[in-house]
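# Per-entry structural report
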Amino acid sequence: MPPISRTALLLVSVLSMLVRLFSPLNLQAMVIYEWTVGSETLESRTTTSLLRYYSVVEVDSLKVRYIRQKSGHSLYRIRAQFPDNSVNTGRILFLSLGQLQVFPTDVIRVALGENLYQELLRSRDEMANYSTRIDLGTSFDHHDWTGNHSITWSIWDRFDISIGEELNGFVALGAPESNLDFWADGTGRLGIASPLLEFAFLFPFSSGSVAIGPLPERLLVPAYGASALLRYNQWTGRIRFSDATEETINSTQSTNRSFVHSLSSALLGEKEFLTEIGNFSLTAGVGLEEFTELKRVNGALEHAGYVHRISPVIRIAYTTADENLRLSTGINDLALRSSITIRFSSTIWFEARAVNTNIFRNHKVFEHPFSLFLTPRIKF
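A brief structural summary. (Residues numbered from 1 in each chain as written. Predicted model: local features only at pLDDT ≥ 70, side-chain atom pairs only at ≥ 80, totals over all residues. Heavy atoms only, no water.)

Counting residues in hydrophobic clusters, the biggest one holds 27 residues, and the most contacted among them are Leu-50, Ile-67, Ile-78, Ile-92, Leu-95, Leu-112 and Leu-120. Going through the elements one at a time, strand 1 (28-36), helix 2 (40-57), helix 3 (61-70), strand 2 (76-83), strand 3 (91-97), strand 4 (100-102), helix 4 (105-112) and helix 5 (114-122) are the ones with two or more residues in this core. Examining the composition of this core, we find that five residues originate from one element, helix 2, more than from any other. Judged by nonpolar contacts, the second largest core, of 12 residues, contains Leu-180, Trp-183, Leu-219 and Phe-366. (Core = buried A, V, L, I, M, F, W, Y, C linked by side-chain atoms within 4.5 Å. Buried < 20%, exposed > 50% of the residue type's maximum accessible area, 1.4 Å probe, protein only. Helix = DSSP H or I, 4+ residues; strand = E, 2+ residues; numbered from the N terminus.)

Further remarks concern the pairing of strand 2. Burial analysis of strand 2 places eight of its eight residues in the buried class, which makes it a mostly covered element. Sheet analysis places strand 2 next to strand 3, joined by six bridges and oriented antiparallel. What sits directly across from Ile-78, in strand 3, is Leu-95. (Pairing = 2+ DSSP bridges.)

This paragraph deals with unusual backbone geometry. Between Phe-103 and the following residue, Pro-104, the backbone shows a cis peptide bond with an omega angle of 0 degrees. Considering the arrangement of structural elements, one finds Pro-104 in the loop between strand 4 and helix 4. One non-glycine residue, Glu-323, lies in positive phi territory at about 60 degrees. Turning to its location among the elements, Glu-323 is positioned in the loop between strand 15 (300-320) and strand 16 (325-332). Looking at Glu-323, the relative accessible area reads 22%, which means it is partly exposed.

Attention shifts here to the environment of Trp-35. With respect to the helices and strands, Trp-35 occurs in strand 1. As a C-alpha pair, Trp-35 and Ile-78 span 43 residues in sequence and 5.5 Å in three-dimensional space. Engagement of the side chain of Trp-35 in a polar contact is seen with the side chain of Ser-123, the distance being 2.8 Å. (Polar contact = N/O pair within 3.5 Å; in protein donor to acceptor, adjacent residues only side chain to side chain.)

For the rest of this paragraph, the subject is the pairing of strand 3. Most of strand 3 is tucked away: six of the seven residues are buried. The pairing of strand 3 with strand 4 spans three bridges and is classified as antiparallel. Across the sheet, Leu-97 pairs through a bridge with Leu-100, a residue of strand 4.

For the rest of this paragraph, the subject is the pattern of salt bridges. Counting across every chain of the model gives 21 salt bridges. Measuring nitrogen to oxygen at the nearest pair gives 3.2 Å for the salt bridge that ties Asp-157 to Arg-353. With Asp-157 in the loop between strand 6 (151-154) and strand 7 (158-164) and Arg-353 in strand 18 (residues 348-356), the pair connects residues that are 196 residues apart, well separated along the chain. We classify Asp-157 as buried; its relative accessible area is 10%. Salt-bridge contacts for Asp-333 lead to Arg-309; the nearest nitrogen and oxygen are separated by 2.9 Å. Within this pair, whereas Asp-333 is found in the loop between strand 16 and strand 17 (335-343), its partner Arg-309 is found in strand 15, the two being separated by 24 residues in sequence. Here the two residues Asp-333 and Arg-309 agree in accessibility, since each one is buried. A single salt-bridge network, built from bridges that share partners, covers Asp-157, Asp-181, Glu-351, Arg-353 and Arg-377. (Salt bridge = Lys/Arg side-chain N within 4 Å of Asp/Glu carboxyl O.)

Shown next, in the form of structure tokens:
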């Protein structure tokens with residue numbers, strides 16, 4: 001165990017500062033609900049407002065025609081975010097009528113007008129329209145169902161495409177949840193994702209152990225396997241397992257020893273808080289990472305040893321009130337992990353994340369002591 005560095009002391013100081021910052025604020029846990037509008041009066045007024053909006057403000061004859069065809073035959077569906085146990089304040093994230101989708105919040109406010117907007121928010125209090133809380137993720141990453149995007153593309157590591165209502169197909173590279181980006185772990189994923197679950201098959205997408213420009217050499221063997229993730233309210237559980245083959249072990253020989261990322265799992269809980277200066281979220285749980293050493297014995301491929309790490313997972317994230325910036329820092333796999341994500345527009349984001357594995361422990365032969373990952377992200 002290395003001695004405590006200045007960086008570690010700085011992290012402790014930052015956490016202490018956040019505790020002091022939170023204490024005088026009115027913290028409110030945020031939850032998301034979804035329900036349908038059952039009042040004929042509200043339905044009629046919503047239809048009138050949307051027809052006026054798409055006829056005068058944002059002229060779109062196709063949407064006008066669609067609203068006239070569907071109103072009275074389909075129900076309006078609302079997703080909104082509220083402080084926990086409150087129906088008096090909140091914001092509508094998404095309004096839909098059949099295939100018509102209206103978002104984000106500022107567009108909905110203009111389209112409906114403030115009085116109707118507030119009445120629709122209060123309609124959640126009607127028992128006939130009540131729906132249980134759901135988790136729709138965050139607009140800063142790929143777990144984002146608030147706007148029903150057709151495509152979400154992080155240029156260097158993940159591509160999601162909508163294949164149905166609240167169902168995406170995706171391709172992803174590396175294992176960022178384990179601090180391993182695509183140049184560290186040459187294993188890819190092909191799968192499906194929804195607000196509640198993800199499932200994917202793992203495959204080797206790249207091999208080799210030569211550094212290219214700013215990208216360091218790859219130290220892990222790519223592999224075949226599977227991964228799964230399940231969300232329930234504020235809880236998330238995930239598991240990922242893989243193993244190498246004769247072909248993949250020969251592809252990466254950067255050291256005299258070969259390792260594969262054979263197992264990764266975690267159980268996490270998340271709580272979100274609304275304050276006067278923005279949103280804070282706290283994620284805490286426990287994670288397990290396993291790496292298996294591979295050797296040839298009499299020509300056969302065998303497991304020669306294991307590296308196991310059980311680690312607390314602690315992450316604090318802050319999002320500005322205008323939702324244009326998110327900062328995050330915490331501990332994952334006994335490594336310090338920090339990120340910054342900037343939103344330039346409703347379709348373009350930029351993310352940078354850094355991992356230092358040499359603060360709370362010594363890095364292993366299959367790890368780099370420090371890594372930095374940068375990627376643009378596009379949604380439309």
